[in-house]
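Here's the letter readout for the chains.
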Amino acid sequence: MSKIHAAITAVHGYVPDYVLTNHELETMVDTNDEWITTRTGIKERRILKGEGLGTSDMAVPAVEGLLKKRGIGADEIELIIFCTSTPDYVFPATANILADKIGAKNAWGYDLQATCSGFLFGLATGAQFIESGKHKKVLVVGGDKMSSIINYKDRATCIIFGDGCGAVLLEPNDEGNGIIDSILRSDGSGLPFLNQQAGGSVKPATHETIDANEHYVYQEGKSVFKFAVTNMAEVAAEIMERNNLGPDDIAWLVPHQANKRIIDATAIRTGVSADKVIINIERYGNTTNGTLPLCLWEWEDKFKKGDNLILAAFGGGFTWGSIYLKWAY
Ligand code: UT7
């Protein structure tokens, strides 16, 4: 009997309507379109506006679109893994909230926090439940409302991040397609370089933490850049090498959209030509857990059954990794 792989059988995404352009940011902080474009590749990002809306509100249309495409009901979902760094609440899990909103009444679920690598960690984790035979339909959602934790007076971070969400369905595949290999890494010594200081158990939110802006993302961009550019490129190259894949064997490189220069470095290290590298950072910025599923969603029409895809990401923590999968439809 051939091995069961966990294959993506549907993908959908959602980005909010509001477009925050570089030009609008010029009116908010001391920056300019030319600096942002040349240093990051970003021209605009989407922002979820509206009172009382959280990350799950972007997941709902993403998942509903996915279910419609696949032609199944929400009650058929068995497990929801919600990869996010901006959950609706500290608790309960956003996976539960999403299950309730979409009517996935037979699913259990949990949130997964691995910053920008979260969707990769979620895919690898979800795949285990399929490969073991425990579940047949696992929903992996990746999304963030980054605008909820960004200080729009801090030019070092507010130019980078945006809001968005994507989702994929994992199902068993016995044709040799699906998730073939993964390399996932964590290094907790990265804590000082990219974090949100207050609001956790070490430093619960107080008037003082709010006054000190410690409920916002803090990033030492240059240090993170150095780690990201090396580790994301190396791990993508490593997964290709250990699966005997050369650049010509790769149909699509799907990199985390943090900075165009990090994406370019990954393409150069792996040897994958520019026309096969998926990039939408200019329109969405860094949506953290949303970048990879949004890329898959937007390029879905171009994928062919059996295509070799290499996904790679790097994020705060630090976390990083790569997944090799064969597209299943
Ligand atoms: O996805 C999670 C992981 N995160 C990442 O991968 C992000 C990695 N880091 C980066 O993408 C880049 O480091 C940034 C885009 C955040 C910053 O780019 P950089 O080329 O590393 O710039 P820098 O921080 O070294 O700053 C260079 C100069 C500084 O001025 P001086 O000291 O040279 O006079 C900054 O003050 O640019 C200045 N600067 C800005 N100028 C205009 C910093 N931010 C801005 C800005 N607009 N928004």
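Residues numbered from 1 in each chain as written. Predicted model: local features only at pLDDT ≥ 70, side-chain atom pairs only at ≥ 80, totals over all residues. Heavy atoms only, no water.

## Remarks on the nonpolar core
Part 1 of the reasoning: Grouped together as the largest cluster of nonpolar side chains are 39 residues, with contacts concentrated most on Val 217, Ile 310 and Phe 314.
Part 2 of the reasoning: By residue number, the principal contributor to this core is helix H8 (residues 221-242), which donates 7 residues.
Part 3 of the reasoning: Shared between two domains, this core takes at least three residues from each, and those domains are domain 1 (5-176) and domain 2 (180-326).
Part 4 of the reasoning: Excluding residues that lie within four positions of it along the chain, Phe 314 makes contacts with Cys 116, Ser 117, Val 224, Phe 227, Ala 228, Asn 231, Met 232, His 256, Thr 319 and Trp 320.
Part 5 of the reasoning: Formed by 35 residues, the second largest nonpolar core is a distinct cluster that contains Ile 81, Ile 179, Trp 252 and Cys 295. (Core = buried A, V, L, I, M, F, W, Y, C linked by side-chain atoms within 4.5 Å. Buried < 20%, exposed > 50% of the residue type's maximum accessible area, 1.4 Å probe, protein only. Helix = DSSP H or I, 4+ residues; strand = E, 2+ residues; numbered from the N terminus. Domains from an automatic or database assignment. Contact = heavy atoms within 4.5 Å.)

## Focus on the environment of Ile 262
Part 1 of the reasoning: Assignment of secondary structure puts Ile 262 in helix H9 (residues 260-270).
Part 2 of the reasoning: Ile 262 sits in the buried class, given a relative accessible area of 6%.
Part 3 of the reasoning: Put simply, Ile 262 and Phe 225 are 37 residues apart on the chain and 7.6 Å apart in space, counted from C-alpha to C-alpha.

## Describing the domain arrangement of the protein
Part 1 of the reasoning: If you check the domain split of the protein, you get domain 1 (5-176) and domain 2 (180-326).
Part 2 of the reasoning: Placing the centre of domain 1 and that of domain 2 at their C-alpha centroids yields a distance of 14 Å.
Part 3 of the reasoning: Both faces considered, domain 1 and domain 2 share a buried interface measuring about 3700 Å² in area, 62% of it formed by carbon and sulfur atoms.
Part 4 of the reasoning: Among the residues domain 1 hides against domain 2, the three largest losses belong to Cys 116, Leu 120 and Ile 149. Together they make up 18% of the total.
Part 5 of the reasoning: At the boundary of domain 1 with domain 2, the tally comes to 2 salt bridges.
Part 6 of the reasoning: Our enumeration of links across domain 1 and domain 2 arrives at 19 residue pairs in polar contact (both at pLDDT 80 or more).
Part 7 of the reasoning: Contributions of two or more residues to the side of domain 1 that touches domain 2 are made by strand E1 (5-14), helix H2 (33-40), strand E3 (44-47), helix H5 (118-131), strand E6 (138-145), helix H6 (155-158) and strand E7 (163-173).
Part 8 of the reasoning: Residue composition of the side of domain 1 that touches domain 2, grouped by class: 22 nonpolar, 19 polar and 10 charged. (Buried area = accessible area lost by both parts, 1.4 Å probe. Salt bridge = Lys/Arg side-chain N within 4 Å of Asp/Glu carboxyl O. Polar contact = N/O pair within 3.5 Å; in protein donor to acceptor, adjacent residues only side chain to side chain. Nonpolar A, V, L, I, M, F, W, Y, C, P; charged D, E, K, R; others polar.)

## Brief notes about a positive patch on the surface
Part 1 of the reasoning: A cluster of basic residues, Arg 39, Lys 222, Lys 226 and Arg 261, forms a positive patch on the protein surface.
Part 2 of the reasoning: Looking at the secondary structure, you find Lys 222 in helix H8.
Part 3 of the reasoning: A relative accessible area of 67% places Lys 222 in the exposed class. (Patch = residues over 30% accessible without salt bridge, like charges linked within 9 Å, V, L, I, M, F, W, Y side chains within 5 Å. Areas by Shrake-Rupley, 256 points an atom, 1.4 Å probe, with all protein chains shown as cover. Lys, Arg positive; Asp, Glu negative; His and termini not counted. Charge placed at Lys NZ, Arg CZ, Asp CG, Glu CD.)

## A few points about the site of the ligand
Part 1 of the reasoning: Close to the ligand lie 23 residues, the nearest being Thr 31, Arg 39, Lys 222, Asn 259 and Asn 286.
Part 2 of the reasoning: One of the side-chain N or O atoms of Trp 35 is found 3.3 Å from an oxygen atom in the ligand.
Part 3 of the reasoning: Considering the ligand on its own, with 950 Å² of exposed area, one finds that the protein chains cover 74% of that surface.
Part 4 of the reasoning: Counting only elements with at least two residues in the shell around the ligand, the list comes to H2, H8 and H9.
Part 5 of the reasoning: Here the element with the most residues in the shell around the ligand is H8; it accounts for 5 residues.
Part 6 of the reasoning: In terms of residue class, the shell around the ligand is made up of 11 nonpolar, 7 polar and 5 charged. (Near = heavy atom within 4 Å.)

## Considerations on the sheet that holds strand E12 (residues 308-315)
Part 1 of the reasoning: Strand order in the open sheet formed by 4 strands is E8-E13-E12-E11, with mixed pairing between adjacent strands. Strands at the two margins of the open sheet, each flanked by one partner only, are strand E8 (178-186) and strand E11 (252-255). Taken over all neighbouring pairs, the strand axes of this sheet differ in orientation by 10° on average, direction set aside.
Part 2 of the reasoning: Note: E12 against strand E13 (residues 319-326), 8 bridges, orientation antiparallel. Across the sheet, residue Leu 309 finds its bridge partner in E13, namely Leu 325.
Part 3 of the reasoning: Against the sheet, H5 makes contact with E8, E12 and E13, and its axis sits at roughly 130° relative to E8, the strand it touches most. (Pairing = 2+ DSSP bridges. Axes fitted to C-alpha atoms, helices over the stretch in contact; angles between N-to-C directions.)

## A look at the pairing of E13
Part 1 of the reasoning: Most of E13 is tucked away, with 7 of its 8 residues classed as buried.
Part 2 of the reasoning: Looking at chain direction, E8 and E13 are connected through 8 bridges and run antiparallel. By the bridge assignment for E13, Asp 181 is matched with Tyr 324.
Part 3 of the reasoning: Counted between consecutive antiparallel strands, the loop separating E12 from E13 contains 3 residues, among which Gly 317 sits at a positive phi close to 135°.

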